[in-house]
Protein chains: 2
Amino acid sequence: MAELFKAVTVDEAREMLARHLNVCGVKKQVSITETLGRRIAADVSAPEDVPGFDRSTMDGFAVLARDTFGASEGLPAYLDVEGEIFMGREAAGPIALGRIWRIPTGGMLPSGADAVVMVEHTEELDDRTIGVTRPVAPGENIVRRGEDVAAGSKVLSSGQIIRPQDMGLLAAVGVHTLEVEEPFRVTIISTGDEVVAPDQTPGPGQVRDINSYALYGLTRQCGASPVLAGVVRDDFTALKEAMEEAIASSEMVLLSGGSSVGTRDVSLQVIESMGEPGVLFHGISIKPGKPTIGAVLGGKPVFGLPGHPVSAMVVFALLVEPLLRAGRYPSSDVERRLEFPLRARINRNIRSAAGRDDYIRITLKELAGELIAEPVLGKSGLISTMVKAGGLAHIPTGMEGVEAGEYVWVKPF
Amino acid sequence: MAELFKAVTVDEAREMLARHLNVCGVKKQVSITETLGRRIAADVSAPEDVPGFDRSTMDGFAVLARDTFGASEGLPAYLDVEGEIFMGREAAGPIALGRIWRIPTGGMLPSGADAVVMVEHTEELDDRTIGVTRPVAPGENIVRRGEDVAAGSKVLSSGQIIRPQDMGLLAAVGVHTLEVEEPFRVTIISTGDEVVAPDQTPGPGQVRDINSYALYGLTRQCGASPVLAGVVRDDFTALKEAMEEAIASSEMVLLSGGSSVGTRDVSLQVIESMGEPGVLFHGISIKPGKPTIGAVLGGKPVFGLPGHPVSAMVVFALLVEPLLRAGRYPSSDVERRLEFPLRARINRNIRSAAGRDDYIRITLKELAGELIAEPVLGKSGLISTMVKAGGLAHIPTGMEGVEAGEYVWVKPF
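Residues numbered from 1 in each chain as written. Chains lettered and ligands numbered in written order. Predicted model: local features only at pLDDT ≥ 70, side-chain atom pairs only at ≥ 80, totals over all residues.

1. Remarks on the overall build of chain A
Then step 1. Helix and strand counts for chain A come out as eight helices and 28 strands.
Then step 2. Expected size for 413 residues packed as a compact globule is a radius of gyration near 22 Å; at 31 Å, chain A overshoots this value by more than 25%.
Then step 3. Taken along the three principal axes of its C-alpha coordinates, chain A extends 90 × 50 × 40 Å.
Then step 4. Taken over 413 residues, chain A has a buried fraction of 48%.
Then step 5. Long-range pairs, those at least 24 residues apart, make up 71% of the contacts in chain A with a sequence separation of at least 6. (Helix = DSSP H or I, 4+ residues; strand = E, 2+ residues; numbered from the N terminus. Rg over C-alpha atoms; globule rule 2.2 N^0.38 Å. Buried ≥ 20, exposed ≤ 12 C-beta atoms within 10 Å, placed from the backbone. Contact = placed C-beta atoms within 7 Å.)

2. Points about the sheet that holds strand S6 (residues 99-103) of chain A
Residues and elements named next belong to chain A.
Then step 1. Spatially, the six strands line up as an open sheet ordered S7-S4-S6-S5-S9-S8, and their pairing is mixed. Every other strand in the sheet has two partners, leaving strand S7 (115-118) and strand S8 (122-126) as the edge strands with one partner each. When strand polarity is set aside, the average angle formed by the axes of neighbouring strands in this sheet is 40 degrees.
Then step 2. Where strand S5 (residues 77-84) lies against strand S9 (residues 129-132), four bridges are found, and the strand directions are antiparallel. Looking at S9, one finds that Tyr-78 is bridged to Gly-131. (Pairing = 2+ DSSP bridges. Axes fitted to C-alpha atoms, helices over the stretch in contact; angles between N-to-C directions.)

3. Describing the sheet that holds strand S20 (residues 293-297) of chain B
All names here are of chain B.
Then step 1. In spatial order, the strands read S16-S13-S17-S21-S20-S18; together these six strands make up an open sheet with mixed pairing. Strands with a single pairing partner mark the edges of an open sheet, and in this sheet they are strand S16 (225-232) and strand S18 (277-282). Along the sheet, successive strands turn relative to each other by an average axial angle of 15 degrees, direction set aside.
Then step 2. Across the sheet, helix H6 (residues 309-326) is in contact with strand S17 (252-256), S20 and strand S21 (300-305); its angle to S21 comes to roughly 170 degrees.

4. What to know about the interface of chain A and chain B
Many authors give the size of an interface as the accessible area that is lost as the parts come together.
Then step 1. Between chain A and chain B, the residue contacts involve 80 residues of the former and 80 residues of the latter.
Then step 2. The element best represented in the side of chain A that touches chain B is helix H2 (residues 164-173) of chain A, accounting for nine residues.
Then step 3. Looking at the side of chain A that touches chain B, its residues break down into 39 nonpolar, 22 polar and 19 charged. (Nonpolar A, V, L, I, M, F, W, Y, C, P; charged D, E, K, R; others polar.)

5. Let's talk about the environment of Lys300(B)
All names here are of chain B.
Then step 1. Mapped onto the secondary structure, Lys-300 falls in strand S21.
Then step 2. On the neighbour-count criterion, Lys-300 (20 C-beta atoms within 10 Å) is buried.
Then step 3. Distance in space between the C-alpha atoms of Lys-300 and Gly-262 is 25 Å, their sequence separation being 38 residues.
Then step 4. Not counting residues within four places of it along the chain, the set of residues in contact with Lys-300 comprises Val-23, Ile-247, Glu-251 and Met-252.

6. Focus on the domain arrangement of chain A
Then step 1. You can read the domains of chain A as domain 1 (2-25 + 183-334), domain 2 (27-50 + 153-181), domain 3 (55-143) and domain 4 (340-412).
Then step 2. On a C-alpha basis, the centres of domain 2 of chain A and domain 4 of chain A stand 39 Å from each other. (Domains from an automatic or database assignment.)

7. Some details on the relation of the copies chain A and chain B
Then step 1. Under the fitted operation, chain A is carried onto chain B by 0.0 Å of movement along the axis and a turn of 180 degrees, and the coordinates agree to an RMSD of 0.0 Å. Put plainly, the chains are arranged around a two-fold axis. When each C-alpha of chain A is compared by its distance to the rotation axis, Leu342(A) comes out closest, at 3.0 Å. (Least-squares fit on C-alpha atoms with pLDDT ≥ 70 in both.)

8. As for the packing of helix H3 (residues 211-221) of chain A against helix H2 (residues 164-173) of chain B
Then step 1. The N-to-C vectors of H3(A) and H2(B) enclose an angle of 155 degrees; their axes lie 7 Å apart at closest approach. With respect to H2(B), the axis of H3(A) lies roughly antiparallel. Along this stretch, H3(A) crosses H2(B), giving a crossing that reads as right-handed. Taking contact as the criterion, the partners of Asn211(A), Tyr213(A), Ala214(A), Tyr216(A), Gly217(A), Leu218(A) and Gln221(A) in H3(A) are, on H2(B), Pro164(B), Gln165(B), Met167(B), Gly168(B), Leu170(B) and Ala171(B).
Then step 2. Its residues placed into classes, the contact of H3(A) with H2(B) shows eight nonpolar, five polar and no charged. (Parallel < 35°, antiparallel > 145°, perpendicular 65-115°, else oblique. Left-handed = near helix turned anticlockwise from the far one by under 90°.)

9. Focus on the confidence of the model for chain A
Then step 1. Per-residue pLDDT for chain A averages 94, and the proportion of residues at 70 or more is 98%.
Then step 2. Interface predicted TM-score (ipTM) for the complex: 0.95; the corresponding pTM is 0.95. (pLDDT = per-residue confidence, 0-100.)

10. Considerations on the environment of Pro309(B)
Then step 1. Mapped onto the fold, Pro309(B) is located in helix H6.
Then step 2. Its 30 C-beta neighbours within 10 Å are what place Pro309(B) among the buried residues.
Then step 3. Between the C-alpha atoms of Pro309(B) and Asp209(B), which are 100 residues apart in sequence, the distance is 9.8 Å.
Then step 4. Residues in contact with Pro309(B), not counting those within four places in the same chain, are Gly168(A), Ile210(B), Asn211(B), Ala214(B), Ile383(B) and Met386(B).

11. Regarding the environment of Ala404(A)
All names here are of chain A.
Then step 1. Within the secondary structure layout, Ala-404 lies in the loop between strand S27 (401-402) and strand S28 (407-412).
Then step 2. The spacing of Ala-404 and Tyr-329 is 75 residues in sequence and 32 Å in space, taken between C-alpha atoms.
Then step 3. Beyond its immediate chain neighbours, meaning those up to four positions away, Ala-404 contacts Ile-346, Asn-347, Arg-348 and Asn-349.

12. Quick notes on the pairing of S21(B)
Residue and element names in this part refer to chain B.
Then step 1. By the criterion of burial, S21 is predominantly enclosed, with six of the six residues buried.
Then step 2. By the alternation rule, side chains of S21 split into Lys-300, Val-302 and Gly-304 and Pro-301, Phe-303 and Leu-305, which are all buried.
Then step 3. As defined by bridge partners, S20 adjoins S21 across five bridges and the pair is classed as antiparallel. Note that in S21 the partner of Leu-297 across the bridge is Lys-300.

So, in structure tokens, the structure goes:
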């Protein structure tokens, strides 16, 4: 069965998946505080101007700018104090020629005023007269009504992921509840007749379930909701039952384990028995992570991740993380660059076979203002190598490795 | 009052705070699934070897390596099949000279076997005889007992923040519950007589509370637990009452708002009235973010953040985020480098005053494999500029700006 599939590149794998994915997240109306990291279900427009009035950005005096033209230290413009503006209140009247109002930072300008003179550029002659020692231009030291957000303008777009500043903007425009997509539910199934739960004592030939917990952490880190389905035996019926429940109750399924041919075949058979399009690829031209199954069932992604924990985590970073964080794979050059965003000098020669992408566990150091990537050696079956590592360096296909001193791109973790 | 303080650098501010901080997080015993992003309360040692037995990393045959020495395609080493090893079970007996056992990836080696021959390097003569066509060295294609983690070795250190791979390691060694620090509780108080909640309609001169929600999001993003205390009037008694409750019920307090001198003075007076050491600095030599108060009360950090949302978010990134994520400020060159980890070319001249650090809102693009940082223009009072931005570029003190085409370091968000 495995022979039907030829290893695909990461880009090919993403394209095949993207073509068949059709995941509808559950939508829900929530308050601003619950929106962090969620995708907005519909465009948000500002119901009103922010700020709703011309506002001072300095402690000083609201003026008609033309009253200050020509003012200097030597020849101040003397203006009469009309009154004082208090925070959160209107001025008692409009501004008039030759008059000024005391105003605090954030205060509302009196009607007609078009600038604010900083207190530092004034001298107080007496309670009622202020000398302005420097001219201001119209608009200086103020924020105009609607300058931050104009009423009716689109402030956030459907599908956008909400960041802290977006929450601030929602508050600013008074959109205090909105519809967002609930986090994807991701069911994590470990397979393998040798695998036991962490609270059990392994018998001879048995090991504890590492992948479920590493994948649980990765899924949570992406803002999604992991569900641990536990360990399922390498048996068609048992695995199919678990898979059916997983597909019915979640938006994504991560199968892991089974690096042996026999075990992988069970996963393949189960997925193939569950509908269209089923398995899209079996094998990616990367190291570690080659023996990966990519499938779509009912529009939902299903990944058969390698049993080796390092391999499983690398494949997660490349194929699962973008879907959980953004609902899609990177589509622009800058998004692709930001997947491996750090530029570091590798401090050891790394050989790589042509025709595949290598992902090297590294630790990061700093030398003369530059980042240095030092490879962590060790087999991809060893979780301890990921614990020692601080990131993954990408050695792209086409290169036959990198020499010590060359630059590589790194995804830190 | 404000005149007593001279503006400090970010490094000086961090040092002053670090000297007085003494926050004891609440400790709690939790299961592995609840440990992501938490700090470990005590070192973790491995109670046993991982794996607990010599393990095959390939589908193939367990052998005595010396039985394969000299084997080749032309002259295979013919060995008798003693039996088959099943996943999660012991072999029915030890290995003997001239004998091999079928073994799947992850299988337990029979006692005495010291290598595995990949199935690809064998030919099946009949059911009972296998020709090995390539020699293996002792240790090849196996993971030794304890090679991933040796019993008794320290696997995670007190204070370390748990990542997904660390969760995998905890599962591997059978540490299924452990003591971690609970997330810091951060009380967020907005001050300002002009500020109203987002679900209220602002009257003349009033604005909605932006900072509480942006800070709520930032705090959550750091893995901490924000508590919104709402808007408090610029009044000594009201603010002191709110502060006392905040200090009693949380590990950190973020006051924000009050960019006018009068308002800032109320915050200062309240903090100074609450004990030692109180206010450590008032004013940081950065832009935006200068009018910041840094204080410690009862070992807990209290920040008086600027009222302008951009300024508040910049100060959060520099002074609050490291404490929430790591419980301390960066202490090594690499940690400091990773605060602004991306190298980008700025595409516009930026002027900066000597003697202060500037933080420029930018959007990121990609050109010829490089990141390009394009400044977002706009006043620091405008939350919309943070919404447009994709990161902050650092223009260090000492430079009087940067020219278009020069490199800057960027913190993406």
